[in-house]
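The chain contents come next:
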Amino acid sequence: MSTDLTRLDVSALTGLLTSGEVSAVEVTRAQLDRIASDDARLGAYLHVEGEAALTAAAAVDRARAGGAEPGPLAGVPIALKDVIVTEGVPTTSGSRILEGWRPPYDATVAARLKSAGTVLLGKTNMDEFAMGSSTENSAFRPTRNPWDADRVPGGSSGGSSAAVAGHLAPWAIGTDTGGSIRQPAALTGLVGHKPTYGSVSRYGLIAFSSSLDQAGPMARTVLDAAVLHEAIGGYDPRDSTSIDAPVPGLVAAARDGARGDLAGLTVGVVTELGGDGHRDGYDDGVLARFAEAVAVLTDLGADVRPVSCPSFDLALPAYYLIAPSEASSNLARFDGVRFGIRVGDDGTHDLDEVMALTREQGFGPEVKRRIILGTYALSSGYYEAYYGQAQKVRTLITRDFTAAYAGVDVLVSPTSPTVAWPIGARVEDPIAMYAADLCTLPASLAGVPAISVPCGLSEGLPVGLQVMAPGLADDRCYRVAAALEAAQDAARGHRLLDELVAA
Ligand code: GLN
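The structure displayed is predicted, hence computed values, not measured ones.

## Regarding the site of the ligand
For step 1, the next point in the chain: Taken together, 15 residues surround the ligand, and among them Thr177, Gly178, Ser180, Tyr319 and Arg370 come closest.
For step 2, the next point in the chain: Here a nitrogen atom of the ligand and a backbone polar atom of Ala130 are 2.8 Å apart.
For step 3, the next point in the chain: Here Tyr320 contributes a side-chain N or O atom positioned 3.4 Å from an oxygen atom of the ligand.
For step 4, the next point in the chain: Protein chains shield 100% of the accessible area of the ligand, which is 290 Å² for the free molecule.

## Side note on the sheet that holds strand 9 (residues 410–414)
For step 1, the next point in the chain: As summarised here, the arrangement of the eleven strands in space is 1-3-2-4-6-5-10-11-9-7-8, forming an open sheet in which the pairing is mixed. Sheet topology places strand 1 (45–48) and strand 8 (303–307) at the edges, where each strand pairs with a single neighbour. The sheet shows a mean angle of 30° between the axes of neighbouring strands, taken without regard to direction.
For step 2, the next point in the chain: Judged from the two bridges that link them, strand 5 (residues 191–194) and strand 6 (residues 214–219) form a sheet pairing that is antiparallel. Within strand 6, the residue paired with Val191 across the bridge is Ala219.
For step 3, the next point in the chain: Its contacts with the sheet put helix 4 (residues 108–115) on strand 2 (77–81), strand 4 (171–176) and strand 6, and the angle it makes with strand 2 is roughly 175°.
For step 4, the next point in the chain: The sheet contacts of helix 9 (residues 284–299) involve strand 7 (266–270), strand 8, strand 9, strand 10 (450–458) and strand 11 (461–468), and relative to strand 10 the element is tilted by about 115°.

## Details of the pattern of salt bridges
For step 1, the next point in the chain: Considering all chains together, one arrives at 21 salt bridges under this definition.
For step 2, the next point in the chain: For Arg141, the salt bridge is made with Asp39, and the minimal N-O distance between the two is 3.3 Å. Within this pair, whereas Arg141 is found in the loop between strand 3 (119–124) and helix 5 (158–165), its partner Asp39 is found in helix 2 (residues 24–42), the two being separated by 102 residues in sequence.
For step 3, the next point in the chain: Judged by relative accessible area, Asp39 falls into the buried class, the value being 6%.
For step 4, the next point in the chain: The closest approach of N and O atoms between Asp489 and Arg492, which form a salt bridge, is 3.0 Å. Placement of both Asp489 and Arg492 in helix 16 (residues 474–502) is noted, with a separation of three residues, approximately one turn of the helix.
For step 5, the next point in the chain: Residue classification places Arg492 among the partly exposed residues on the basis of a relative accessible area of 43%.
For step 6, the next point in the chain: Taken together, the shared-partner salt bridges in this structure form one network comprising Asp4, Arg7, Arg34 and Asp38.

## Description of the packing of aromatic side chains
Each aromatic ring pair is described using two quantities: the centre-to-centre distance and the angle formed by the ring planes.
For step 1, the next point in the chain: In total, this model carries 13 aromatic pairs according to the counting rule given.
For step 2, the next point in the chain: Residues Tyr105 and Tyr203 carry aromatic rings whose centres are separated by 5.4 Å and whose planes lie at 50° to one another, so their mutual orientation is tilted. Of this pair, Tyr105 sits in the loop between strand 2 and helix 4 while Tyr203 sits in the loop between strand 5 and strand 6, and the two are 98 residues apart along the sequence.
For step 3, the next point in the chain: Here the aromatic cluster, defined as three or more aromatic residues joined through ring pairs, consists of Trp101, Phe129, Phe334, Phe339 and Phe363.

## Here's the deal with the nonpolar core
For step 1, the next point in the chain: With 148 residues, the main nonpolar core has Phe129, Ile173 and Phe401 as its most contacted residues.
For step 2, the next point in the chain: Excluding its chain neighbours within four sequence positions, the residues that come into contact with Phe129 are Ser93, Ser95, Ile97, Leu98, Ile206, Phe208, Leu331, Phe334, Phe363 and Val367.

## As for empty space enclosed by the protein
For step 1, the next point in the chain: All told, the structure shown has four cavities of 30 Å³ or more when counted by the stated rule.
For step 2, the next point in the chain: The computed volume of the largest cavity comes to approximately 80 Å³.
For step 3, the next point in the chain: If you trace the largest cavity, you find it lined by Ser199, His229, Gly234, Ile243, Ala245, Pro246, Val247, Pro248, Leu250, Leu472 and Asp474.
For step 4, the next point in the chain: Broken down by class, the residue content of the lining of the largest cavity amounts to seven nonpolar, three polar and one charged.

Criteria and thresholds
Residues numbered from 1 in each chain as written. Predicted model: local features only at pLDDT ≥ 70, side-chain atom pairs only at ≥ 80, totals over all residues. Heavy atoms only, no water. Near = heavy atom within 4 Å. Polar contact = N/O pair within 3.5 Å; in protein donor to acceptor, adjacent residues only side chain to side chain. Areas by Shrake-Rupley, 256 points an atom, 1.4 Å probe, with all protein chains shown as cover. Pairing = 2+ DSSP bridges. Helix = DSSP H or I, 4+ residues; strand = E, 2+ residues; numbered from the N terminus. Axes fitted to C-alpha atoms, helices over the stretch in contact; angles between N-to-C directions. Contact = heavy atoms within 4.5 Å. Salt bridge = Lys/Arg side-chain N within 4 Å of Asp/Glu carboxyl O. Buried < 20%, exposed > 50% of the residue type's maximum accessible area, 1.4 Å probe, protein only. Phe/Tyr/Trp six-rings, centres within 6.5 Å; stacked < 30°, edge-to-face > 60°. Core = buried A, V, L, I, M, F, W, Y, C linked by side-chain atoms within 4.5 Å. 1 Å grid on protein atoms, 1.4 Å probe; cavity = no way out; pocket = protein on both sides within 12 Å on 5 of 7 lines; lining within 4 Å. Points joined across faces, edges and corners; volume = space filled by probe spheres on them. Nonpolar A, V, L, I, M, F, W, Y, C, P; charged D, E, K, R; others polar.

Here it is, written out as structure tokens:
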């Protein structure tokens, strides 16, 4: 058939697959061909599952031909961020220290997608151990933004964002500790959602900062993101922080939002995230697109008002103490004994030296910076002053959210203060890199859900709007995002029509 299967969103693909108009093998082959032609330039994948993907797709086709209905997602290809362990499939978390490791089990997220019949295309590039905002901290190679190959795709899930935006996968899983789903989604024109902490299993995610890490969907439409989120979400006894509560109807919320009626919804615009007195570091174009999108929400019937959350100003320093502290503890397990590479094991070094050499050569500079920062912040005599203080700030941020949600249903802000920046522009300046997370960190620290949805272009590059909701009210994020998406699609349709009439 002549349709380019790599351009279709998942709702369209599932229609063609379940009606038998296309086979899973055709869809998978189209994606693999596209990866073969474009990924040398984009660098979205660290590992591609060529033959194995075709074999999995063929099994779906056989099941359908045999009259079995293997489920609506069967045969839909997917890409997973390389922080998610996959049985028998190389998993590095973007680090040399895990090069060559093939995990003996699947993460719950990977297992759920496998049992839904999705076809794993491969593992996507990322900042090493998810530490970064540009994917330049990958130990293997940087990833490029499909909108402009000289710019970053965001991070740390930049391989996933580039793959989906560049049509090298219809959708992908990312993980978000301080913004790593939402910020790359914003910088590549995608929808990305960080679920309520505890609502998607962390079993089998290589841990960065355990009190913050969450996996979530990255997709080209709000509806696709909701479908993917429902497929991975829900209680998992293997994750001790998993919440035993039903996943709210996310697909239903996305469909409801797409009808474009937000009457009765109250929306708070967070002053501290790009509002009066808080515009330093924000692109004018980002603020302009954000303001226009907020006006659209008003047009759709929402009651919009400013809301102040004063502690959000402290989110950046608090996060950059808490996340490195937890990382320094989590990364202690990489010592060359059980996983990945081992350096210096030649009979001339004792065990301590082997561990030190392995870590010296296995970890990249940003990971070492975080381990040193975190170890310092946790050391006796400093613990209360740094880690303890940061935890108190975290409590204040949570209280700001609680107070805000007493008056509004959702909060909105830009997702990223800037559009995608040129590759290399921030690598020598960690503080500038950390500033990319300004808008995403509060929801991470409070554990509440937040989505990024495209809201237009600035300098020809995508801008994202963030919708935050109370814990377990992820459905509100999807509803508002879908309403905005539909209004923008309608506006685009009108513009095209005007151009046609004028022509
Ligand atoms: N950019 C942030 C960091 O480097 C967030 C990363 C993430 O969410 N994984 O820590």
